[in-house]
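Here is how the chains run, residue by residue.
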Amino acid sequence: MADLDDIIDGKDFALNTPAKNEAFFLKGAGAYDWGMQNRLARIFRPDTGRTVMLAFDHGYFQGPTTGLERVDVNISPLFDYADVLMCTRGMLRTSVPASTRKPIVMRASGGNSIMSELSNETVAVDMEDALRMNVSAMAAQVYIGSEFEHKSINNVIRLIDAGNRVGMPTLAVTGVGKDMARDARYFGLATRIAAEIGAQYVKSYFVEDGFERVCAGCPVPIVIAGGKKIPEKEALEVAYKAVDQGAAGVDMGRNIFRAADPVAMIQAVSAVVHELLPPAQAFEMYKDLSQRVVAA
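How each quantity is defined
- Each chain has its residues counted from 1, running along the sequence as written.
- Since the coordinates come from a predicted model, pLDDT governs what is reported: local features require at least 70, and pairs of side-chain atoms require 80 or more to be given and counted, while whole-chain, interface and lining totals use all residues.
- The side-chain values count all of the structure's non-hydrogen atoms but skip hydrogen atoms and water molecules.
- Each residue is assigned to one of three classes by its accessible area relative to the maximum for its type, calculated with a 1.4 Å probe on protein chains only: buried under 20%, partly exposed between the two thresholds, exposed over 50%.
- Numbering of helices and strands starts at the N terminus; helices are DSSP runs of H or I of at least 4 residues and strands are runs of E of at least 2.
- Counted as salt bridges are all cases of a side-chain nitrogen of Lys or Arg within 4 Å of a carboxyl oxygen of Asp or Glu.
- For this analysis, a nonpolar core means a set of buried residues of the types Ala, Val, Leu, Ile, Met, Phe, Trp, Tyr and Cys, connected via side-chain atoms within 4.5 Å.
- Residue contacts follow a heavy-atom distance rule, with two residues in contact if any of their heavy atoms lie within 4.5 Å.
- We call Phe, Tyr and Trp rings a pair once their centres come within 6.5 Å, taking the six-membered ring for Trp, and we label the pair stacked below 30 degrees between planes, edge-to-face above 60, and tilted otherwise.
- The span one expects for a helix is its residue count, reduced by one, times 1.5 Å.

An unreviewed UniProt entry lists the protein chain under the name 3-hydroxy-5-phosphonooxypentane-2,4-dione thiolase, from Celeribacter baekdonensis.

In structure tokens, the structure reads:
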């Protein structure tokens, strides 16, 4: 406890140094409160403005899919190389050690499965529980043009409103139905709607034609989904093109944990995202890291 002994008047007030208020580094986030900005600064690296999120939340509707049979065995070796972990609260509490010092983006929508209509989701995590788990953001799917479009948008709005009250960012994830076109027009519409209703950042898909316009038309950061498993070299090329055209990083799952060498792959992806390493060099890095493991 402070006492009254040894009180000395201050002398060094740096009178010739103006007080400095630094602008926040992240797109669209300059007007947020300190807590919201602080959580976003855990998700996005301040030195690059980008992020590598490791997604392993697929089980919330797919069950124990290939690569996620045992998160504690297959996914935990990747934690140290990711900037962010994206998972459900059940997997966080059962399979992610509390000593893990990585920010968590919590999958907060659910109520569906591969046996039913995917767009029919509900909010599956209460904000109080998210705070109890010390997460850095909440994520929910938004299905523009789907049967349950209105319900999915309302889910995200509820999370945004609850999050704004406590400084918790919301990630709006653009879901694509089976019959929807995966083109710049659709993703431009979906990402803009998500930003307009107040999402702090958006997850979308990369498209070859027009992705730069999708990013330019969205006033908050976009991270790209890895999507279905493709060859490692192609996945690195997609990550590079996306970041080069304006994406603020990746939220990649299957193209990392289903790679021949997941640990090498996540390091190569990180080099692409944060160092803008060209994909050909990143693929050579991946192969080199893989060979070192084999040799050891």
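Observations regarding unusual backbone geometry
Of note, A14 is a non-glycine position whose phi angle comes to about 45°, a positive value. By relative accessible area, which is 39% here, A14 ends up partly exposed. Backbone geometry at N134 places phi at a positive 60°, although glycine is not the residue there. Position of N134 among the secondary structure elements: in the loop between α5 (127-132) and β6 (137-142). Assessed through its relative accessible area of 52%, N134 is described here as exposed.

Some thoughts on the pattern of salt bridges
On inspection of all chains with the given rule, the structure shows 13 salt bridges. When the shortest N-O distance is used, the salt bridge between R107 and D57 registers 3.0 Å. Of the two residues, R107 is situated in strand β3 (residues 104-107) and D57 in the loop between β1 (51-55) and α2 (59-62); the sequence distance between them amounts to 50 residues. A relative accessible area of 5% means that D57 is categorised as buried. The partner of E128 in a salt bridge is R132, and the shortest N-O contact between them spans 3.0 Å. Taken together, the residues E128 and R132, both in helix α5 and 4 residues apart, mark about one turn of the helix. The pair formed by E128 and R132 is uniform in burial state, with each residue classed as exposed.

Topic: the nonpolar core
With 75 residues, the main nonpolar core has L54, F56, V135, M138 and F211 as its most contacted residues. Among the elements that take part in this core, helix α11 (residues 262-275) stands out by supplying 8 residues, more than any other. Those residues in contact with F56 that sit more than four places away from it in its chain are L68, V71, I75, F79, L85, M86, C87, M91 and V96. Counting 17 residues, the second largest nonpolar core, distinct from the first, contains I43, L171, V173 and Y201.

Let's talk about the packing of aromatic side chains
Applying the stated rule across the entire model yields 8 aromatic pairs. Relative to F187, the ring of Y186 lies with its centre 5.3 Å away and its plane at 75°, an arrangement referred to as edge-to-face. Of the two residues examined, Y186 and F187, each falls in the buried class. Ring geometry for F283 versus Y286: centroids 6.1 Å apart, planes at 20°, classification stacked.

Quick look at α11
Helix length check: α11, at 14 residues, gives a terminal C-alpha distance of 19 Å against a target of 20 Å (1.5 Å per residue), a fit within 8%. A large share of α11 lies buried, amounting to 10 of its 14 residues. Turning to α11, its buried residues number three or more, namely A264, M265, I266, A268, V269, S270, A271, V272, V273 and H274. Downstream of α11 by one or two residues, L276 has phi in the positive range, about 55°.

What to know about the environment of I8
Its place among the elements puts I8 in the segment before α1 (34-43). Under the relative-accessibility criterion, I8 is labelled exposed at 64%. Between the C-alpha atoms of I8 and A31, which are 23 residues apart in sequence, the distance is 38 Å.

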